[in-house]
Amino acid sequence: MKQRIEELLQEIQELKAQKLQDIEEYRIKLLGKKGSITKLFEDFREVLPEQKRELGQKLNTLKNLASSKLEELKEKVGESILQNGPKSDFTKPGDKFDLGTRHPISVTREEIISIFSKFGYAVAEGPEIEDDWHVFGALNFPPEHPARDMQDTFFISQSDNPVLLRTHTSSVQVRAMERMPLPIRIVCPGRVFRNEAISARAHCIFHQVEGLYIDKNVSFADLKQAVLLFAKEMFGEQTKIRMRPSYFPFTEPSAEVDVSCNICGGKGCNICKGTGWLEIMGCGMVDPNVLEASGIDPKVYSGFAFGMGVERIAMLKWQVKDLRLYFENDVRFLREFETVI
Ligand code: PHE
């Protein structure tokens, strides 16, 4: 036993540890239930009485040495973690926390939606990847209509009913007409895609909010009233509107809506190119063919639809002359809205 104690004393003195886990392993090996020192204490019971005194002292020394060595190793490992690990000075002031702001397009879209929700319109959304029927067919586009041309539309697959990226959110209105109970009063916000060259005034991705109201006895006067109320809410009480005859396959009659220029008050400036008017949306009475295609009886129901580009409204509101700025996410541009929004 004496020799075993000597061996262990030697062994313990030479212990080295890199991590706390090593120390725990040593503790178990030496002092654990089946540890070598514990084992020696068990054997001690069998020792002859005349040897008890000497061996007892040696055993105690061994046990104390083991405990103090383990403590010492723990301290060393702890120190090296502090020295080599990340250094923290908790007295230093914290790093500045940059809060983001909402994107001007999101803000404009939310504003348009909130105006129409005051008028009782619900929000409807639909898929960005659509089929030809919901983007064109159900909306009375004749097969040869230029908007179906490969140049305007991103096609994903060609078949009898090609899959494509929606070019307007009118597709959501078709889905609503197919499914929703009448009357319908919805706005459809969303991203749309057109195969156009990117410039200051056009982009291949932009955002729309389109609207649809279908009920009995809906007239063009109702449409005009809705558009006027919207324009006043969006651009100010003094805003006037005018409607110019236009053409869309899905509405008849159709119109283009202008608002009086909010920069020069209608006198003419470089924003409105001297005309005093700014174009904001297309609209019209839903064509009876469109109602019929979605299973609604045009002899009983009528409705109006309108659609606007969110970027266009945002440009007019904040006089941003280049559409591309909205997509580049240059923080210097976005920060300009921190105070506005
Ligand atoms: N869908 C048309 C477009 O994307 C806008 C529109 C909607 C026009 C509803 C009239 C009625 O240009």
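Keep in mind that what you see is a predicted model, and the values were worked out from it rather than measured.

Explain the overall build of the protein chain to me, using residue names and the numbers behind them.
For the protein chain, the count of helices and strands is 12 helices and 10 strands. Against the compact-globule benchmark of 20 Å for 341 residues, the protein chain has a radius of gyration of 39 Å, which places it well outside the compact range. If one aligns the C-alpha atoms of the protein chain with their principal axes, the spans along those axes are about 120 × 45 × 35 Å. Here the protein chain, with 341 residues, has 42% of them falling under the buried criterion. Of the contacts made within the protein chain by residues no fewer than 6 positions apart, 65% connect residues no fewer than 24 positions apart. If you sum the accessible surface of the protein chain, you get close to 19,800 Å²; carbon and sulfur atoms cover 52% of it.

Lay out the pairing of strand β7 (residues 241-248) with the relevant residues and their values.
Two elements, β7 and strand β8 (residues 251-260), share 7 bridges in a ladder whose sense is antiparallel. Residue pairing for β8: Ile241 is matched across the bridge by Val259. Connecting the antiparallel pair β7 and β8 is a turn made up of 2 residues.

I'd like to hear about empty space enclosed by the protein, residue by residue, with values.
Scanning the entire structure with this criterion turns up 1 cavity of 30 Å³ or more. Of the residues assigned to the lining of the largest cavity, the class counts are 7 nonpolar, 1 polar and no charged.

Definitions and limits used
Residues numbered from 1 in each chain as written. Predicted model: local features only at pLDDT ≥ 70, side-chain atom pairs only at ≥ 80, totals over all residues. Heavy atoms only, no water. Helix = DSSP H or I, 4+ residues; strand = E, 2+ residues; numbered from the N terminus. Rg over C-alpha atoms; globule rule 2.2 N^0.38 Å. Buried < 20%, exposed > 50% of the residue type's maximum accessible area, 1.4 Å probe, protein only. Contact = heavy atoms within 4.5 Å. Areas by Shrake-Rupley, 256 points an atom, 1.4 Å probe, with all protein chains shown as cover. Pairing = 2+ DSSP bridges. 1 Å grid on protein atoms, 1.4 Å probe; cavity = no way out; pocket = protein on both sides within 12 Å on 5 of 7 lines; lining within 4 Å. Points joined across faces, edges and corners; volume = space filled by probe spheres on them. Nonpolar A, V, L, I, M, F, W, Y, C, P; charged D, E, K, R; others polar.

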